[in-house]
Amino acid sequence: ICCKVRGDLVDALKRLYEKVETFDGIIIETTGLADPAPVIQTFFAETNEGEEALERMYKLDSVITVTDAKYILERLDEEKPDEADNEAEQQVSFADKIILNKTDLVTDEEHLKSIEERLRRLNPNAP
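What counts, and at which threshold
- Residues numbered from 1 in each chain as written.
- Predicted model: local features only at pLDDT ≥ 70, side-chain atom pairs only at ≥ 80, totals over all residues.
- Heavy atoms only, no water.
- Helix = DSSP H or I, 4+ residues; strand = E, 2+ residues; numbered from the N terminus.
- Buried < 20%, exposed > 50% of the residue type's maximum accessible area, 1.4 Å probe, protein only.
- Contact = heavy atoms within 4.5 Å.
- Areas by Shrake-Rupley, 256 points an atom, 1.4 Å probe, with all protein chains shown as cover.
- Core = buried A, V, L, I, M, F, W, Y, C linked by side-chain atoms within 4.5 Å.
- Phe/Tyr/Trp six-rings, centres within 6.5 Å; stacked < 30°, edge-to-face > 60°.
- Patch = residues over 30% accessible without salt bridge, like charges linked within 9 Å, V, L, I, M, F, W, Y side chains within 5 Å.
- Salt bridge = Lys/Arg side-chain N within 4 Å of Asp/Glu carboxyl O.
- Lys, Arg positive; Asp, Glu negative; His and termini not counted.
- Charge placed at Lys NZ, Arg CZ, Asp CG, Glu CD.
- Pairing = 2+ DSSP bridges.

What follows deals with the overall build of the protein chain. Scanning the protein chain for helices and strands turns up six helices and two strands. In the protein chain, the succession of α and β elements from N to C terminus is α-α-α-β-α-α-β-α. Taking all 127 residues of the protein chain together, 29% fall into the buried category. Within the protein chain, counting contacts between residues at least 6 apart in sequence, those at least 24 apart form 74% of the total. In the structure as shown, the protein chain presents an accessible area of about 9,000 Å², 46% of it carried by carbon and sulfur atoms.

Attention now moves to the nonpolar core. Counting 13 residues, the largest nonpolar core has Ile-72, Leu-73, Leu-76, Ile-98, Val-106, Ile-115 and Leu-119 as its most contacted members. Of all the secondary structure elements, the ones that give two or more residues to this core are helix 4 (72–77), helix 5 (87–94) and helix 6 (109–122). Filtering out sequence-adjacent residues up to four positions away, Ile-115 remains in contact with Ala-69, Ile-72, Leu-73, Leu-100 and Val-106.

A few words now on the packing of aromatic side chains. Summed over the entire model, instances satisfying the criterion amount to one aromatic pair. A centroid spacing of 5.8 Å and a plane angle of 65 degrees characterise the contact between Tyr-17 and Tyr-58, whose relative ring orientation is edge-to-face. Taken as a pair, Tyr-17 in helix 1 (residues 6–19) and Tyr-58 in the loop between helix 3 (54–57) and strand 1 (64–68) lie far apart in primary sequence, 41 residues in all. Exposure remark for Tyr-17: the relative accessible area of 34% places this residue in the partly exposed category.

Right, let's talk about a negative patch on the surface for a bit. Judged by side-chain charge, Asp-108, Glu-109, Glu-110, Glu-116 and Glu-117 come together as a negatively charged surface patch. For Glu-110, the location among the structural elements is in helix 6. Of the residues examined, Glu-110 reaches a relative accessible area of 55% and is grouped as exposed.

Attention now moves to the pairing of strand 1. Here strand 1 shows one buried face, formed by Thr-65 and Thr-67, and one open face, formed by Ile-64, Val-66 and Asp-68. Bridging between strand 1 and strand 2 (residues 97–101) involves five bridges; their strand directions are parallel. Counted as the bridge partner of Asp-68 is Asn-101 from strand 2.

Turning our eyes to something else, we now look at the pattern of salt bridges. This structure, assessed with the given rule, holds seven salt bridges. When the shortest N-O distance is used, the salt bridge between Asp-68 and Lys-102 registers 3.3 Å. Linking Asp-68 in strand 1 with Lys-102 in the loop between strand 2 and helix 6, this pair joins segments that are 34 residues apart in sequence. Residue classification places Asp-68 among the partly exposed residues on the basis of a relative accessible area of 22%.

Here it is in structure tokens:
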């Protein structure tokens, strides 16, 4: 989902909560380079008077970021206009877990190691 449709996300989660008695979990996938902050904040945002807050319906368990080994350094190094966030940095920084995907496309072992080191510098707490 796009991070700009927070109202739609809230409505969808509330409808799902009313329809499903129990479920193991919900996975919300954002678009490729979406800023994860608005989606995360959705679970803790204030609701309209009389409405039940999402944080009482759901528990945000984790934020998982899948990074493309072939292109992640390019994305991290992108120059953004003033006051614009680098979405790739945001995704890596907000993650509880980072999955380094497409490592088979990086044939140089040293380059792959430098990618892992860069991700760990941005987010040393994510496995």
